[in-house]
Amino acid sequence: MSKKHYPISPSATTRILNCPGSIDLSKDSVQIESSYAREGTMAHDVAEAALSGSDLPDEATEEMIESANQWKNTVEWIEKDHLIIDRWLERTLESCRNKDFGGTPDYHSVSPDTIIIGDYKYGKGIKVSAKNNSQLMSYLCLARESHKRADKFIAFILQPRLNHFDMVEFTSEQLDEFESRLFLSATKKELLVGDHCKWCPATTKCPKLWREVVDLFGDESDDWTPPSLAKQLEMLPRLKELVERIPKEAVERFKQGQSIDGFKLVHRMGRRSFTADENTIMEKLESLNVPKERYTKTTLLSPAQMEKQGLGDIIKEFIETPQKGFTVASCDDPREEVKGEPNG
């Protein structure tokens, strides 16, 4: 069963606080599900099953099961210090104060004076801090509407594939201030570009973002000056996301029965693959006396593949991460700055 989509959802609060106008602009936008999102959905199903004691999905991989067990152990470790009255998994919360505000936390429990929210992140992208995390604060604000006795508000994040855990306690005053800012922001219509654009479903129809495109590539006026290189680099992630989203959104609209003048939906061709099993093909080639070296090869697994096999400690003395030229990163990137006159 698909979850209800709320215009003011906890996962979108960072975007909403930075770009209030994205609420209205995102209405009726196409929701594009990536392969990573599908993997994440399955991983969450596995984690929920592990914690509830139900049967694991047939599609669960070993890594998903291992991560889910880590999630289960983390939740149980946290719960042992609290007198848990109720616990819910993937339970949708909707605000009584604003029907547009709602969402579904991965884990939600209450004790007589405490609300606990847990967020399970299966991806391997970046480590996410629980401190001042607007998604976690949103869930806590929603949860306290039905548990008014609470005066302790705890939230945690587990990212098992990054070996990352973070937990924080919020005060009632912090949640009051956050909720006021969120609801005030939701009344505004201003559109603002920034890092939050990466997760916006309305990029293809955002006039503010398209204005940046015009500014970057110019217009017909004689006195037009292109943005500085610094500004172009700052704009690049948003523009890249925009360019990548355009064909994805077009596909989704065709699948929904819509039409686009001058274009049609076609099959994207994949790599050629065999229709017979490996033994059948090899028997055929052997029967024709084809030398084995013409159709088979033996290669060493990559360092990453060996690490997945649990061989990382054995081979670490043979591994290096070479530098391959240069790239440009923002000043808050953890990598060391290259100074002087770079060679290579």
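Calculation notes
Residue numbers restart at each chain and count upward from 1, following the sequence in its written direction. The model is predicted, so local features are restricted to residues of pLDDT at least 70 and side-chain atom pairs to those at 80 or more, both for listing and for counting; the totals for chains, interfaces and linings are taken over all residues. Based on all heavy atoms of the structure, the side-chain values leave hydrogens and waters out of the count. Numbering of helices and strands runs from the N terminus; a helix is a DSSP stretch of H or I covering at least four residues, while a strand is a stretch of E covering at least two. Whether two residues are in contact is decided by their heavy atoms: any pair within 4.5 Å suffices. For the area figures, the Shrake-Rupley method with a 1.4 Å probe applies, and any residue is considered shielded solely by the protein chains shown. Neither His nor the chain ends contribute to the count of charged residues, in which Lys and Arg are positive and Asp and Glu negative. All charge positions are set by atom: Lys at NZ, Arg at CZ, Asp at CG, Glu at CD. Salt bridges are defined by distance alone: a side-chain nitrogen of Lys or Arg within 4 Å of a carboxyl oxygen of Asp or Glu. Any residue under 20% of the maximum accessible area for its type is buried, any over 50% is exposed, and the rest in between are partly exposed; the area is computed with a 1.4 Å probe on protein chains only. Polar contact criterion, stated in full: a pair of N or O atoms within 3.5 Å, where within protein one must be able to donate a hydrogen and the other to accept it, and residues adjacent in sequence count only if both atoms are side-chain atoms. What makes two strands pair is DSSP finding at least two bridges between them. Here, axes are lines fitted to C-alpha atoms. For helices the fit covers the stretch in contact, and angles between N-to-C directions go from 0 to 180 degrees. Think of a nonpolar core as a cluster: buried Ala, Val, Leu, Ile, Met, Phe, Trp, Tyr and Cys residues, connected wherever their side-chain atoms sit within 4.5 Å. To estimate the expected span of a helix, count its residues, drop one, and scale the result by 1.5 Å. To obtain the bend at a residue, axes are fitted to the seven residues ending there and to the seven starting there, and the angle between these axes is taken.

### What about the overall build of the protein chain?
If you tally the helices and strands in the protein chain, you get 11 helices and 7 strands. With respect to the three principal axes, the spread of C-alpha positions in the protein chain is 80 × 70 × 55 Å. Within the protein chain, contacts between residues separated by at least 24 positions form 63% of all contacts whose residues are at least 6 apart in sequence. Entry remark: accessible area of the protein chain is about 23,700 Å², with carbon and sulfur atoms responsible for 51%. Taken together, the 47 basic and 58 acidic charged side chains of the protein chain have centroids lying 3 Å from each other.

### Side note on the pattern of salt bridges
What the rule picks out here adds up to 22 salt bridges. With a shortest N-O distance of 3.3 Å, Arg161 and Glu63 are connected by a salt bridge. Here Arg161, found in the loop between strand E6 (152–159) and strand E7 (164–170), pairs with Glu63, found in helix H4 (residues 62–79); they are 98 residues apart in sequence, far enough to count as distant. With a shortest N-O distance of 2.9 Å, Arg87 and Glu79 are connected by a salt bridge. For Arg87, a relative accessible area of 33% gives the class partly exposed. Classification of Glu79 by relative accessible area gives buried; the value is 13%. One continuous salt-bridge network, built from bridges that share partners, spans Arg97, Arg144, Asp176 and Glu179.

### Points about the side chain of Asp106
Locating Asp106 in the fold gives a position in the loop between strand E3 (102–103) and strand E4 (107–111). Looking at Asp106, its side chain comes within polar contact range of the side chain of His44, at 3.4 Å. With residues up to four places along the chain from it excluded, the contact list for Asp106 reads His44, Trp71, Trp88, Leu89, Glu90, Gly118, Asp119 and Tyr120.

### Here we look at the pairing of strand E5 (residues 114–120)
By the criterion of burial, E5 is predominantly enclosed, with 7 of the 7 residues buried. Here E5 shows no split at all, with Thr114, Ile116, Gly118 and Tyr120 on one side and Ile115, Ile117 and Asp119 on the other all buried. Pairing geometry for E4 and E5, over 5 bridges, is antiparallel. Across the sheet, residue His108 finds its bridge partner in E5, namely Ile117. Linkage of E4 to E5, two consecutive antiparallel strands, is achieved through a turn of 2 residues.

### Some words on the sheet that holds E7
The strands making up a sheet associate through backbone hydrogen bonding, with each pair oriented either parallel or antiparallel. Strands sit in the order E1-E4-E5-E6-E7 across an open sheet of 5 strands; the sheet is mixed. The open sheet has two edge strands with one neighbour each: strand E1 (86–89) and E7. Strand-to-strand, the axes of this sheet are offset by a mean angle of 15°, without reference to chain direction. Sheet topology note: the E6/E7 ladder contains 7 bridges and is antiparallel. Opposite Phe156, over in E7, you have Met167 as the bridge partner. Packing against the sheet, helix H3 (residues 35–52) makes contact with E1, E4 and E5, and its axis sits at approximately 155° to E1.

### Some details on unusual backbone geometry
Comment: phi is negative for the bulk of residues other than glycine, and the bulk of peptide bonds are trans. Within the chain, Asp28 stands out as a residue other than glycine whose phi angle is a positive 70°. Despite not being glycine, Asn132 shows a phi value in the positive range, around 55°. Following the sequence through the fold, Asn132 ends up in the loop between E5 and helix H5 (134–144). Accessibility expressed as a relative area gives 52% for Asn132, which makes it exposed.

### Comments concerning the environment of Lys198
Note on placement: Lys198 falls in the loop between helix H6 (172–186) and helix H7 (207–217). With a relative accessible area of 43%, Lys198 lands in the partly exposed category. Taking the C-alpha atoms as reference, Lys198 lies 8.3 Å from Leu242; in sequence the two are 44 residues apart.

### A word on the nonpolar core
Residues Ile115, Ile117, Leu140 and Phe170 are the most contacted members of the largest nonpolar core, which totals 27 residues. The biggest single contributor to this core is H5, with 7 residues. Contacts of Leu140, omitting those with residues within four sequence positions, involve Ile115, Ile117, Phe153, Ile154, Ala155, Phe170 and Leu175.

### As for the pairing of E4
Within E4, 5 of the 5 residues are buried, which leaves it mostly tucked inside the rest of the structure. Neither face of E4 is open: one carries Tyr107, Ser109 and Ser111, the other His108 and Val110, and all of them are buried. Across 4 bridges, the pairing between E1 and E4 is antiparallel. Looking across to E4, one finds that Arg87 is bridged to Ser109.

### A few points about helix H8 (residues 229–255)
Helix length check: H8 (27 residues) gives 39 Å between terminal C-alpha atoms against 39 Å at 1.5 Å per residue, within 8%. Of all the bends in H8, the greatest reaches close to 45° and is centred on Leu236; the proline Pro237 follows between one and four positions later. Residues of H8 that are buried: Met235, Arg238, Leu239, Glu241, Leu242, Arg245, Glu249, Glu252, Arg253 and Phe254. At its buried positions, H8 is contacted by H7.

By themselves these figures say nothing about function.
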